[in-house]
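Now for the letters of each chain:
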Amino acid sequence: KIIKDHFMRGIILRPAQGVNLEEARQIAAQYGWNIELKEEKISDPIEALKEKFDELYKDESKLVQRPPVVTVMGHVDHGKTTLLDRIRKTTVAEKEVGGITQSIGAYQAEIDGKKITFIDTPGHEAFTEMRARGAQATDIVVLVVAADDGVMPQTIEAFNHAKTANVPIIVAINKIDKPNANIDLTKQQLASKLGLVPEDWGGDTIVVPISAKMGKGIDELLEMILLVAEMSEIKCIPQGNARGVIIESELDKGVGPLATAIIKDGIIKPGDYIVAGSTHGKVRALRDEKGRKVKNAGPSDPVQIIGFEEVPDMHEILYVVDSLDQAREISAFVKERQKKERMVKGKKHVRLEEFMRI
Ligand code: GTP
Ligand code: MG
């Protein structure tokens, strides 16, 4: 009847195109009806998992300190990987093709019995997205600035990511061994371009001059990281079902979907049922950053997880749940929602004026 009435007035309604809420309201009003919008209430299982943790976090007596997760950021070639190498006393930079970091790697260092988890990030502009993700899995950012080059575009970018993530920043002025290194000029640029005023200039930014290559200033930098970590009260729920962040993932020819996660709460172990966004699975094996099998991983540990049905997206939150059915249901829910979101995005919206004109 509606279509016919409109047709008689020279307006063609196309049912297949549908109408939006405003159009529906106008049409309904012509027949003396009133349209009321009712939100479809679907309980979000991911939200429910998150709320469980929020609830646990309310009881401060149950929280314990965990090691800081530190992301090393900075402009290309300013020495991020060299710094991490120095800390790990390994030589990853030399082994990498062209000396450019191709994916995020995570490593754990131990200083005087205290652990620090480090995340390396690639320096090229194309990896900005990854770097943004790196920042959000992190508690502290070490911003590496080469003293012979100063504050560069990607230094500013990295700084902005860290600021958005509301993470404390420690600046490492690197390459101070170079004859053309200019620490004062670099500090000046930090202050003028980023508003990071060094402590010795009366500001509150910790700035440590280092030479990653020569191993100078590294101990002091580590000390500062531990100091900031202590002040930041980085806490976790030490036991129970784990929660973490996926920082990298790939399809491995040998073992299938492979994901690296930083565990934030609880303990993950083989046999656990896991879900990360639209994929789920059962932990078949866990490996540490050196590829060795481990029996479990806890807060701030980087861990490789084998057992996902599909490759999880980077930056997804990983949850351990009680059963495979639950893991499957949650991932199916997320998959369905993602599908709907894609459909809504893809659907062309017809404006009222346009369809009245036809
Ligand atoms: P991307 O991952 O490509 O962004 O680079 P990166 O920031 O990881 O830099 P990388 O550690 O690969 O170092 C780049 C170059 O600078 C290498 O040739 C290093 O040997 C050199 N380098 C790093 N740190 C120092 C330093 O303290 N002094 C000197 N002289 N050279 C350094
Ligand atoms: Mg690198």
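Residues numbered from 1 in each chain as written. Chains lettered and ligands numbered in written order. Predicted model: local features only at pLDDT ≥ 70, side-chain atom pairs only at ≥ 80, totals over all residues. Heavy atoms only, no water.

## Description of the overall build of the chain
Then comes step 1: Along the backbone of the chain there are eleven helices and 15 strands.
Then comes step 2: For the chain, restricting intrachain contacts to residue pairs at least 6 apart in sequence, the fraction spanning at least 24 positions comes to 73%.
Then comes step 3: Of the roughly 19600 Å² of accessible surface on the chain, 51% is carried by carbon and sulfur atoms. (Helix = DSSP H or I, 4+ residues; strand = E, 2+ residues; numbered from the N terminus. Contact = heavy atoms within 4.5 Å. Areas by Shrake-Rupley, 256 points an atom, 1.4 Å probe, with all protein chains shown as cover.)

## Looking at the pairing of strand S5 (residues 140–146)
Then comes step 1: When you tally the buried positions in S5, you get seven out of seven residues, the bulk of the element.
Then comes step 2: Taking every second residue as pointing to the same face, both faces of S5 are buried, with Ile 140, Val 142, Val 144 and Ala 146 on one and Val 141, Leu 143 and Val 145 on the other.
Then comes step 3: Taken together, the five bridges between strand S2 (residues 69–74) and S5 define a ladder with parallel strand orientation. Opposite Met 73, over in S5, you have Leu 143 as the bridge partner. (Buried < 20%, exposed > 50% of the residue type's maximum accessible area, 1.4 Å probe, protein only. Pairing = 2+ DSSP bridges.)

## Some points on the pattern of salt bridges
A side chain of one charge can pair with a side chain of the opposite charge if their charged atoms are brought near each other.
Then comes step 1: Enumeration according to the criterion identifies 15 salt bridges in this entry.
Then comes step 2: Where Lys 187 meets Asp 200, a salt bridge forms, and the shortest distance between an N and an O atom there is 2.7 Å. Note that Lys 187 is positioned in helix H8 (residues 183–194) and Asp 200 in the loop between H8 and strand S7 (206–209), a separation of 13 residues in sequence.
Then comes step 3: By relative accessible area, which is 55% here, Asp 200 ends up exposed.
Then comes step 4: The closest approach of N and O atoms between Lys 235 and Glu 233, which form a salt bridge, is 3.9 Å. (Salt bridge = Lys/Arg side-chain N within 4 Å of Asp/Glu carboxyl O.)

## Let's talk about the confidence of the model for the chain
Then comes step 1: Per-chain confidence: the chain averages 86 in pLDDT, with 86% of residues scoring 70 or above.
Then comes step 2: In this model residues 123–127 is a low-confidence stretch, pLDDT under 50, and it forms twelve contacts with partners more than four residues away in sequence or in other chains.
Then comes step 3: Contacts for the low-pLDDT stretch residues 350–358, under 50 throughout, to residues beyond four places or in other chains number 18 contacts.
Then comes step 4: The complex prediction reports pTM at 0.79, with the ipTM value standing at 0.99. (pLDDT = per-residue confidence, 0-100.)

## Structural notes on the pairing of strand S6 (residues 169–174)
Then comes step 1: Burial of S6 is extensive: six of the six residues sit out of reach of the surface.
Then comes step 2: In S6, alternate side chains face the same way, and those of Ile 169, Val 171 and Ile 173 on one face and Ile 170, Ala 172 and Asn 174 on the other are all buried.
Then comes step 3: Bridge analysis of S5 against S6 gives six bridges, and the strand direction is parallel. Note that in S6 the partner of Ala 146 across the bridge is Asn 174.
Then comes step 4: Of the crossover connections in this fold, the one passing from S5 over helix H7 (residues 153–164) to the parallel S6 is right-handed.
Then comes step 5: As defined by bridge partners, S6 adjoins S7 across four bridges and the pair is classed as parallel. Note that in S7 the partner of Ile 170 across the bridge is Ile 206.
Then comes step 6: What joins S6 to S7 is H8, and the crossover it makes is right-handed. (Right-handed = clockwise from strand over helix to strand, strands pointing away.)

## As for the sheet that holds strand S3 (residues 105–111)
Then comes step 1: Across the sheet, six strands lie side by side as S3-S4-S2-S5-S6-S7; this open sheet has mixed pairing. Edge positions in the sheet fall to S3 and S7, since each has one partner strand and no second. Ignoring which end each strand starts from, the neighbouring axes of this sheet average 25 degrees apart.
Then comes step 2: Strands S2, S3, strand S4 (114–120) and S5 of the sheet are contacted by helix H4 (residues 80–88), whose axis makes an angle of about 155 degrees with S4. (Axes fitted to C-alpha atoms, helices over the stretch in contact; angles between N-to-C directions.)

## Some details on the nonpolar core
Then comes step 1: Residues Leu 83, Phe 118, Val 142, Ile 170, Leu 221 and Ile 225 are the most contacted members of the largest nonpolar core, which totals 28 residues.
Then comes step 2: Among the secondary structure elements, those contributing two or more residues to this core are S2, H4, S3, S4, S5, S6, S7 and helix H9 (218–232).
Then comes step 3: For this core, the element with the highest residue contribution is H9, accounting for eight residues.
Then comes step 4: When neighbours within four sequence positions are excluded, Ile 170 is seen to be in contact with Ile 140, Val 141, Val 142, Leu 143, Ile 206, Val 208, Leu 221, Met 224, Ile 225 and Val 228.
Then comes step 5: Met 73, Val 145, Val 151 and Ile 169 belong to the second largest nonpolar core, which has 17 residues in total. (Core = buried A, V, L, I, M, F, W, Y, C linked by side-chain atoms within 4.5 Å.)

## Comments concerning H7
Then comes step 1: In this model, H7 (twelve residues) spans 17 Å end to end at C-alpha, consistent with the 16 Å of a helix rising 1.5 Å per residue.
Then comes step 2: Restricting attention to buried positions, one finds in H7 the residues Gln 154, Thr 155, Glu 157, Ala 158, Phe 159, His 161 and Ala 162. (Expected span 1.5 Å × (residues − 1).)

## Some thoughts on the side chain of Arg 66
Then comes step 1: Along the polypeptide, Arg 66 turns up in the loop between strand S1 (64–65) and S2.
Then comes step 2: A relative accessible area of 8% places Arg 66 in the buried class.
Then comes step 3: Among the polar contacts made by the side chain of Arg 66, one reaches the main-chain carbonyl oxygen of Lys 235 at a distance of 3.4 Å.
Then comes step 4: Beyond its immediate stretch of four places on either side in the chain, Arg 66 contacts Asp 139, Ile 234, Lys 235, Cys 236, Lys 264, Pro 299 and Ser 300. (Polar contact = N/O pair within 3.5 Å; in protein donor to acceptor, adjacent residues only side chain to side chain.)

## What to know about the packing of aromatic side chains
Then comes step 1: All chains considered together, the criterion is met by two aromatic pairs.
Then comes step 2: Look at Phe 53 and Tyr 319: their rings are 6.1 Å apart centre to centre, the planes differ by 40 degrees, and that puts the pair in the tilted class. One end of the pair, Phe 53, is in helix H3 (residues 45–58); the other, Tyr 319, is in strand S15 (residues 317–321), and 266 residues separate them in sequence.
Then comes step 3: Over the ring of Phe 53 we find Arg 243, and its NZ or CZ is 4.2 Å from the ring centre. (Phe/Tyr/Trp six-rings, centres within 6.5 Å; stacked < 30°, edge-to-face > 60°. Lys NZ or Arg CZ within 6 Å of the ring centre and 35° of its normal.)

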